[in-house]
Amino acid sequence: MKKVEITYNPYLVTTQIKVDGQTPKANSSLNVDKTRLQEWVEKLPQILMDEYRDANFEITFKGTQEDYQDIISAVETYGNKINAKCTLDKTADIADAEATIDKIFGDIKKGPIPELKDKAIADAFEKAKNSQFEINVVATMSSGKSTLINALLGQQLMPAANEATTATIVKIVDTDQKNFSAVAYDKSGNTVAKIDNVTLADMKKLNDDEKVSEVTIFGHIPFVKSTGMKLVLVDTPGPNNSRDKRHEEMTYKMIANSDKSLVLYVMNGQQLGINDEKIFLDYICQNMKEGGKQSRDRFLFALNKMDSFRPSAKYDGEGCIAKALDAAKKGLEDRGIYNPNLFPVASLPALQIRTKDEDEDEDEDEDAAELDGFRKRSAKYEEMCFENYYDYTHLTQTDRQRIENWQATHKGDELIEIHTGIPSIELAISQYVNKYARTTKICDLVQSFRDKLEELAAVANLQDAIAKDKNKKAELEKQIEKIKANIQSAKDAQTLSKDIDKIDLTSKVQAEVRSYLDGVKDELSRMMKGHSKVEKVVAKQKCIELERQVKAISVQIKVQIDMILEKSYKETINKVVEQYKKHLADLNMGVNAGALSFNPLNLVSASLSNLSQIIEDNTETADESYYVKEKYQKRVEGGFIRKTASFLTFGLVDDHTYETAYRDKRIAKYVDYVDMNEVASDYIVPFQGNLQKTAQSAIEYVNGETVRLKEHLKAELVKIDKLLNDKLNILSMTEADSKAKAEEIALKEKNLKWLMDIQQQVKNIIEF
């Protein structure tokens, strides 16, 4: 049996793996040092079996409880194929790390080092501590999104109706205040309205007000206490429902920006119109493919309105909930979204339970009847207990145990609330925040004062050496000369400035932009194929969808190019900062190059042709007239004719001979047919041709920005010169004052010892 040791640090994102005490070979797939665990853990069992020709393993995992659950899940997925005994060597959990950081920072504020009490350090710490994490809620039409958000808030605040009700972006920021307040902004960010105690009626008015583009609400989100972060619920208009086109860009950018948010996608479990949001789901699928398990974890799909199902034979039948979940799963998997996190939920009963103590309204009787119906069905049918669908929700074993404990200890409406499935979604959100967002936050907190600690420690150590080494003055002078040489090196135009001049941002961005746009061209080519001649009324509907797709692609192009530029700028700055640090290695000082400020260029200005005219140009009228057999009475010529009396005409009439006959009758039918292949081609080709201009615009923009970036980085040299000279002056003064009093030397030694201890405590938080 092979012994596997895995040490995973989620703060520094480092991994060490040993098998039978040996590190993997250079070409091993187990060399995953700088990769987040969730990106490779699902492949771990297969890699072990393939590389070590064995199916029996003892796996010891050193890390957090949350990450260990992913190891367990990966092994369990392989069933009997692998025999793996897993053991956890648990490190401090995230809450303990946060508490330790708070204590250390408190000690720093009370400590003996004045430089650590600087307001800038305190501000950086508070900013990192109060960092926000967004949960973006998006939905298909009539999915009950607003009701679900209200259930999460425990208050009737967002307007809900069976229509597109979200015309603005609403951000709900978690605070400690008891009531909810709101600030409304226009497109330019100007304040339109402030409301101290916002109500549902107020939100309806703000939503209907065309001047309002965004609303920020402040108030307590009940389940947030378990997340350890300042959460922000973002009620986002769907890409097709946005009143403000900037919202569409923000929505797509939110999907692509994997480090900044979690996405809660709400669907109507009674009407699974997944095709209604094809473009948006395709974009989600594209982003989910690129990030492994973490990417899949950040997308939660809520099947809402599941309380409307009735499992009795008379109505929806036994197993109706699983059938609905399977249908949703298949619809997503058809688009390449595999193993989605699907949550069956009944948000209306959850909201009714959580707001039952609020004032009565005119809908109370109707609401009570709906809640009572869910009470009865969840008591009668086990499948109506939505917390139990773990094969679809993929909740961790820890969260499953937590739910089972709740089931055993709750009763009445508290148990019904668990059955609604809303608590399961809240657990999934908390789990994601613990695994990904809080680890990043801890690193930011540590970094907010770690650099300053290292800088002060470096200077304090040299001061200590200068004060003590009275008999080695010459050696200390050499040390200061070495520092001066570092300063000169940093100032030398032949070193760093020359390196900055060599920066070639254009080639890198050009390659990425062209690669991305080539993919867009392929997608557009696919859109031009596979059509056929259809009737004009059908063609108009298809063209609406075509226009929607092309416009969505336009927005996606802008978002993607903006992100390519932003990523390239950050990578370039980090690379130059690393070069700076090499020049400062002897002083062990950190340098903050600052963030590059730039306004992303709106690169996409596709002038789309007039679809109506394209339809007309590709319409031909087909003569689909046809003949039918018409029955009539044919007069027989040459037959016997006689005259008889007629009582109706009171006269004599001819009595002829007739027989039944048939003849062809032409039914005129003219149908307008549209060649959709030609329509798609005529509509898309100009847009496709414009992509080359888009790429060229991006490159021209990067060329200009590269010049500005280089100037920005060279300006940082001036700041470094000043920083180093300041430190040198401190050291020179210390050398001159090397005959300081014994008490002062003792105090400095005490301060240095304190500083070293604080440094070690900080190091222990994120290194193990």
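Scroll up to find the structure.
Residues numbered from 1 in each chain as written. Predicted model: local features only at pLDDT ≥ 70, side-chain atom pairs only at ≥ 80, totals over all residues. Heavy atoms only, no water.

Novice: Even after reading the chapter, I still don't get the pattern of salt bridges, so can you show me in this structure?
Specialist: When the charged atoms of two side chains with opposite charge come close together, those side chains can pair. If you walk through the whole model with that rule in mind, you get 18 salt bridges. Here E98 ties to R438 by a salt bridge, and the two come within 2.5 Å at their closest N and O atoms. Taken together, the residues E98 in helix 3 (residues 94–110) and R438 in helix 16 (residues 422–468) connect sequence positions 340 residues apart. Judged by relative accessible area, E98 falls into the buried class, the value being 12%. For D372, the salt bridge identified is with K376, shortest N-O distance 3.3 Å. Here D372 and its partner K376 are both found in helix 12 (residues 364–380), four residues apart, which amounts to about one turn of the helix. A network of salt bridges, in which partner residues are shared, links K356, D372, R375, K376 and D413. (Salt bridge = Lys/Arg side-chain N within 4 Å of Asp/Glu carboxyl O. Helix = DSSP H or I, 4+ residues; strand = E, 2+ residues; numbered from the N terminus. Buried < 20%, exposed > 50% of the residue type's maximum accessible area, 1.4 Å probe, protein only.)

Novice: What is the right way to read the sheet that holds strand 2 (residues 14–19) from this model?
Specialist: Sheet strands pair via backbone hydrogen bonds, and the direction of the pair is either parallel or antiparallel. The strand order across the open sheet formed by four strands is 2-1-3-4, and the pairing between neighbours is mixed. Looking at strand neighbours, the two that pair on one side only are strand 2 and strand 4 (83–90), the edges of this open sheet. On average, each strand axis in the sheet is inclined to that of its neighbour by 15°, with strand direction left out of account. Note that strand 3 (residues 56–63) and strand 4 share eight bridges and pair parallel. Bridge pairing in strand 4 links K62 to D89. Its contacts with the sheet place helix 1 (residues 44–52) against strand 1 (2–9), strand 2 and strand 3, and it is angled at close to 130° to strand 3. Along the sheet, helix 2 (residues 65–77) contacts strand 1, strand 3 and strand 4; its crossing angle with strand 4, the most-contacted strand, is approximately 180°. (Pairing = 2+ DSSP bridges. Axes fitted to C-alpha atoms, helices over the stretch in contact; angles between N-to-C directions. Contact = heavy atoms within 4.5 Å.)

Novice: So what exactly am I meant to see when it comes to the packing of helix 5 (residues 145–153) against helix 11 (residues 347–354) here?
Specialist: How two helices pack is summed up by the angle between their axes together with the distance between the axes. At their nearest, the axes of helix 5 and helix 11 sit 8 Å apart, and the two run at 35° to each other. The chirality of how helix 5 crosses helix 11 is left-handed. Facing T147, L148, N150, A151 and L152 of helix 5, the residues of helix 11 in contact are S347, L348, A350, L351 and R354. (Left-handed = near helix turned anticlockwise from the far one by under 90°.)

Novice: Any chance you could explain the sheet that holds strand 5 (residues 132–139) here in plain terms?
Specialist: Pairing within the open sheet is mixed, and its nine strands lie in the order 8-7-9-6-10-5-11-12-13. Two strands in the sheet have a free side with no partner beyond their single neighbour: strand 8 (191–195) and strand 13 (341–344). For this sheet the average axis-to-axis angle between neighbouring strands, irrespective of direction, equals 20°. As paired strands, strand 5 and strand 10 (residues 230–235) are joined by six bridges and run parallel to one another. Within strand 10, the residue paired with F133 across the bridge is L231. Against the sheet, helix 8 (residues 278–288) touches strand 5, strand 11 (261–268) and strand 12 (299–304), its axis set at about 145° to strand 12.

Novice: Even after reading the chapter, I still don't get the nonpolar core, so can you show me in this structure?
Specialist: Soluble globular proteins tend to pack their nonpolar side chains together in the buried interior. Counting residues in hydrophobic clusters, the biggest one holds 49 residues, and the most contacted among them are I172, I217 and L264. Beyond its immediate chain neighbours, meaning those up to four positions away, L264 contacts I135, N136, V137, V138, L148, L152, L300, A302 and I425. (Core = buried A, V, L, I, M, F, W, Y, C linked by side-chain atoms within 4.5 Å.)

Novice: Whenever I open this one, the packing of aromatic side chains confuses me. Can you help?
Specialist: Here a ring pair, both rings aromatic, is described through the centre-centre distance and the interplanar angle of the planes. Tallied over the entire structure, the rule returns seven aromatic pairs. Centre to centre, the rings of F105 and F125 are 3.7 Å apart; their planes meet at 5°, and the pair counts as stacked. With a gap of 20 residues between them, F105 in helix 3 and F125 in helix 4 (residues 119–129) connect regions that are remote in the sequence. Judged by centre distance (6.0 Å) and plane angle (35°), the ring pair of F133 and Y432 falls under tilted. Of this pair, F133 sits in strand 5 while Y432 sits in helix 16; the two residues are 299 residues apart in sequence, bridging distant segments of the chain. Accessibility assignment for this pair places F133 and Y432 in one class, buried. Put simply, the rings of F133, Y432 and Y436 pair up and form one aromatic cluster. Over the ring of Y315 we find R310; its NZ or CZ atom is 4.9 Å from the centre of that ring. (Phe/Tyr/Trp six-rings, centres within 6.5 Å; stacked < 30°, edge-to-face > 60°. Lys NZ or Arg CZ within 6 Å of the ring centre and 35° of its normal.)

Novice: Which parts of the structure should I look at to understand the pairing of strand 13?
Specialist: In regular strands, side chains alternate between the two faces of the sheet. Both faces of strand 13 are covered, namely the face carrying N341 and F343 and the face carrying L342 and P344. Note that strand 12 and strand 13 share four bridges and pair parallel. By the bridge assignment for strand 13, A302 is matched with F343. Once the chain exits strand 12 it traverses helix 10 (residues 320–333) before rejoining the sheet at strand 13, and the crossover so formed is right-handed. (Right-handed = clockwise from strand over helix to strand, strands pointing away.)

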